[in-house]
Amino acid sequence: MQTYICLLRSINVAGTNIIKMAALKLFWENLGYTNVTTYIQSGNIIFTSATKPDEAALEKLIEEKFATKNASVIIKTPAELANIIVENPYQHSQDFDVKKMYVCYFQNQPTTVNIDKLNALDFGTDTFTINNNVMYIYYGESAGKSKLTNKVIEKHLNIATTARNWNTTNKLMLLAE
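Parameters at a glance
- Residues numbered from 1 in each chain as written.
- Predicted model: local features only at pLDDT ≥ 70, side-chain atom pairs only at ≥ 80, totals over all residues.
- Heavy atoms only, no water.
- Phe/Tyr/Trp six-rings, centres within 6.5 Å; stacked < 30°, edge-to-face > 60°.
- Buried < 20%, exposed > 50% of the residue type's maximum accessible area, 1.4 Å probe, protein only.
- Helix = DSSP H or I, 4+ residues; strand = E, 2+ residues; numbered from the N terminus.
- Polar contact = N/O pair within 3.5 Å; in protein donor to acceptor, adjacent residues only side chain to side chain.
- Contact = heavy atoms within 4.5 Å.
- Pairing = 2+ DSSP bridges.
- Axes fitted to C-alpha atoms, helices over the stretch in contact; angles between N-to-C directions.
- Expected span 1.5 Å × (residues − 1).
- Salt bridge = Lys/Arg side-chain N within 4 Å of Asp/Glu carboxyl O.

Asker: Now, about the packing of aromatic side chains: what can you tell me, with residues and values included?
Answerer: According to the stated counting rule, one finds 10 aromatic pairs in the structure shown. Pairing Trp28 with Tyr33 gives two aromatic rings, centres 6.0 Å apart and planes at 40 degrees, and the pair type is tilted. Residue class for Tyr33 comes out buried when judged on its relative accessible area of 15%. These aromatic residues form a ring-pair network of at least three members: Tyr4, Phe27, Trp28, Tyr33, Phe47 and Phe66.

As structure tokens, then:
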């Protein structure tokens, strides 16, 4: 059995696609997954399975069960998440502030052309690096004041993404271990 971390996009954000985590946990268990744990209300699920679930199939099942719209499923293994954490290019900066650090997870690899389009935009003091099918974002002030939003990222990269702050990323890794 392999442990997986599922990151749901567009769940319990701004009053849309509301799913109680207890209902999501039960749903996951009813699909046959084991050792199911959820973490905070934004759609983080840690579970075990003999095989990696099909993300598109899960999206369809979630949409049918919970009447969601535009919810996306992104699945990572603990090894992938550990690699993402280790390769964060900002965490060893002298002035690193955990509250300004986010990871934007990609469902698919963006094209070089689309990455270039995003790189051409000016986000002021916000910086980002794309690596390992994720975008490391270090906000100059705060995520709430930034123009570098998930909506902008998805529009320019033309892929589904979901972001988690650095504390959540690390907590998911701990839970998956």
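Asker: Mind laying out the side chain of Gln107, listing which residues take part and the relevant values?
Answerer: For Gln107, the location among the structural elements is in the loop between strand E5 (101-106) and helix H4 (112-119). Judged by relative accessible area, which is 18%, Gln107 ranks as buried. Here the side chain of Gln107 touches Glu59 through a polar contact of 2.5 Å, side chain to side chain. Among the polar contacts listed, one links the side chain of Gln107 to the backbone oxygen of Val73, at a separation of 2.9 Å. Dropping the residues within four chain positions of it, Gln107 is found in contact with Glu55, Glu59, Ser72, Val73, Ile74 and Ala160.

Asker: Tell me about the sheet that holds strand E8 (residues 161-165), and please be specific about residues and values.
Answerer: Pairing is antiparallel in the open sheet, where 4 strands are placed in the order E6-E7-E5-E8. With partners counted over all chains shown, the strands left at the sheet margins are strand E6 (127-131) and E8, one partner each. Averaged over all pairs of adjacent strands, the angle between strand axes in this sheet comes to 20 degrees, irrespective of strand direction. As paired strands, E5 and E8 are joined by 5 bridges and run antiparallel to one another. Pairing of Val103 across the sheet is with Arg164, part of E8. Across the face of the sheet, helix H5 (residues 150-157) comes into contact with E5, E6, strand E7 (134-138) and E8 while running at roughly 145 degrees to E8.

Asker: Tell me about helix H2 (residues 55-66), and please be specific about residues and values.
Answerer: Counted at 1.5 Å a residue, the expected span for H2 with its 12 residues is 16 Å, and the 16 Å between its end C-alpha atoms agrees. Buried residues in H2 make contact with strand E1 (2-9), helix H1 (21-30) and strand E4 (72-76). Downstream of H2 by one or two residues, Ala67 has phi in the positive range, about 55 degrees.

Asker: Could you give an account of the pattern of salt bridges, with specific residues and numbers?
Answerer: For the structure shown, the criterion picks out 3 salt bridges. For Arg9, the salt bridge identified is with Glu154, shortest N-O distance 2.5 Å. Taken together, the positions of Arg9 in strand E1 and Glu154 in helix H5 put the pair 145 residues apart, joining distant regions of the chain. For Glu154, a relative accessible area of 14% translates into the label buried. Close ionic contact of Glu29 with Lys25 constitutes a salt bridge, the shortest N to O distance being 2.9 Å. Of the two residues, Glu29 and Lys25 both sit in helix H1, 4 residues apart, roughly one turn of that helix.

Asker: Explain the side chain of Thr169 to me, and be specific about the residues and the numbers.
Answerer: Residue placement: Thr169 occurs in helix H6 (residues 166-176). Among the residues examined, Thr169 registers a relative accessible area of 0% and is labelled buried. Polar contacts involving the side chain of Thr169 include one to the side chain of Tyr105, which spans 2.9 Å. In this structure Thr169 touches Leu81, Ile85, Val103, Tyr105 and Arg164, once residues within four positions along its chain are discounted.

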